[in-house]
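Okay, here's what each chain looks like letter by letter:
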Amino acid sequence: MFKYNKENIFSKILDGEIPNNTIYENEYVLAFEDINPQSPVHALLIPKGEYTSMSDFSENASDKEILFFIRAISKITKIKDINETGFRIIANSGPDSLQEVPHLHFHIVGGRKLGSILP
Ligand code: 5GP
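To keep things clear, this report deals only with the structure shown in the data block. (Residues numbered from 1 in each chain as written. Predicted model: local features only at pLDDT ≥ 70, side-chain atom pairs only at ≥ 80, totals over all residues. Heavy atoms only, no water.)

## Considerations on the packing of aromatic side chains
The geometry of two aromatic rings is summed up by the distance between their centres and the angle between their planes.
Part 1 of the reasoning: One pass over the structure, following the stated rule, counts five aromatic pairs.
Part 2 of the reasoning: Plain terms: the ring middles of Phe10 and Phe32 are 5.5 Å apart, the flat faces sit at 80° to each other, and that makes the pair edge-to-face. In this pair, Phe10 sits in helix H1 (residues 9–14) while Phe32 sits in strand S2 (residues 29–33), placing the two residues 22 residues apart along the sequence.
Part 3 of the reasoning: By relative accessible area, Phe10 is classed as buried at 7%.
Part 4 of the reasoning: Consider the rings of Phe69 and Phe106, whose centres lie 4.8 Å apart with planes at 65°: the pair is edge-to-face. (Phe/Tyr/Trp six-rings, centres within 6.5 Å; stacked < 30°, edge-to-face > 60°. Helix = DSSP H or I, 4+ residues; strand = E, 2+ residues; numbered from the N terminus. Buried < 20%, exposed > 50% of the residue type's maximum accessible area, 1.4 Å probe, protein only.)

Structure (structure tokens):
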């Protein structure tokens, strides 16, 4: 598993060094618009804690961090008005998934028919 590196872009967003379009925030999570959206709605949900990937978070996050992370999903889908129409969550984790940013993030995409799970 990678060691967390604070030079990643989402760490800089959390530190306020790089701006973001915030959708939702609380003590444990931040959700913001993806800079290169792949669908009409494309939010990124990240924990404020330093977790490199889904496997790191699943193994090492506290119960409270996991609870707040999952609870944030419906806040975001309601704010973005895709709770009823539907959405997909993608969490690239590790090399085979082509994860680019080594800070755990959920892509929450929707606002159109999304097609099959894998291209
Ligand atoms: P990954 O391939 O790691 O799962 O996804 C990384 C995502 O982060 C991509 O969808 C990319 O568009 C997004 N992204 C990369 N840099 C920035 C940035 O500076 N700001 C925002 N809002 N999104 C970014």
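## A look at the side chain of Thr77
Part 1 of the reasoning: If you trace the backbone, Thr77 turns up in helix H3 (residues 63–79).
Part 2 of the reasoning: A distance of 3.3 Å separates a polar side-chain atom of Thr77 from the backbone oxygen of Ser74.
Part 3 of the reasoning: Not counting residues up to four positions away in its chain, the partners in contact with Thr77 are Ile82, Asn83, Phe87 and Ile108. (Polar contact = N/O pair within 3.5 Å; in protein donor to acceptor, adjacent residues only side chain to side chain. Contact = heavy atoms within 4.5 Å.)

Function cannot be inferred from these measures alone, as they are strictly geometric.
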